[in-house]
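# Structure at a glance
Now for the letters of each chain:
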Amino acid sequence: MTSPRPKTLDETASPGAPARRASVWRGQGPVVAVVAMGGAAGASARYGAALLWPAQPGGFPWATFWVNAAGCFVMGVLMVLITEVWMPHRLVRPFFGTGVLGGFTTFSTYAVDIQRLMAGGHPRTALAYLAATLVAALAAVWTAVVSTRLVSARWNTGRGTS
């Protein structure tokens, strides 16, 4: 015996009318759209960085390293601003945080770079890249959070608010 399917909003609104499923996309459509637009922008910027600064075979992947560190720094600034300083529009966080910065940073490429360096006989470079990226990403977020909070506190103090 199966349990009955719960009624959707549309089914309960008009008894006797043809059943229609309430669309999940109705409320999430704008969020999905801004994440997609932001992701396209972020991924395009990352691709541009890779074209400007290509990694040499067996060499340290500097473009990916700096993209990830910079993206983590900006994420730290953004999160403080939108959670502690001001109340943004509901689509700001999905657009910039998930979309732009999610598309810009590339920890999947980081993992592939490590695998390629190892497979190519460059284990020291792979391990240095593995450790340096982790340290740089965490340091970037921490530095961004601390400095943004400090600047915000000074800004508010200078304006006579707390």
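Described in the following lines is the structure provided in the data block. (Residues numbered from 1 in each chain as written. Predicted model: local features only at pLDDT ≥ 70, side-chain atom pairs only at ≥ 80, totals over all residues. Heavy atoms only, no water.)

### Concerning the packing of helix α5 (residues 107-119) against helix α6 (residues 123-158)
Axis separation between α5 and α6 bottoms out at 7 Å; the angle between their running directions is 160°. Compared by their axis directions, α5 and α6 come out roughly antiparallel. Note on packing geometry: the crossing formed by α5 with α6 is left-handed. Listed contacts from α6 to F107, Y110, D113, I114, L117 and M118 of α5 are P123, T125, A126, Y129, L130, T133, L134 and A137. Within the contact of α5 with α6, the residues separate by chemical class into 11 nonpolar, 2 polar and 1 charged. (Axes fitted to C-alpha atoms, helices over the stretch in contact; angles between N-to-C directions. Helix = DSSP H or I, 4+ residues; strand = E, 2+ residues; numbered from the N terminus. Parallel < 35°, antiparallel > 145°, perpendicular 65-115°, else oblique. Left-handed = near helix turned anticlockwise from the far one by under 90°. Contact = heavy atoms within 4.5 Å. Nonpolar A, V, L, I, M, F, W, Y, C, P; charged D, E, K, R; others polar.)

### Here we look at the packing of aromatic side chains
Two aromatic rings are characterised by how far apart their centres lie and by the angle between their planes. Following the criterion strictly, the structure yields 8 aromatic pairs and no others. A centroid spacing of 5.3 Å and a plane angle of 70° characterise the contact between Y110 and Y129, whose relative ring orientation is edge-to-face. A residue pair is termed long-range when its members are at least 10 positions apart, and Y110 in helix α5 and Y129 in helix α6 qualify at 19 residues. With respect to class, Y110 is no different from Y129; both count as buried. Through pairs of rings, three or more aromatic residues link up here, namely F60, W62, F65, W66, F107, Y110 and Y129. (Phe/Tyr/Trp six-rings, centres within 6.5 Å; stacked < 30°, edge-to-face > 60°. Buried < 20%, exposed > 50% of the residue type's maximum accessible area, 1.4 Å probe, protein only.)

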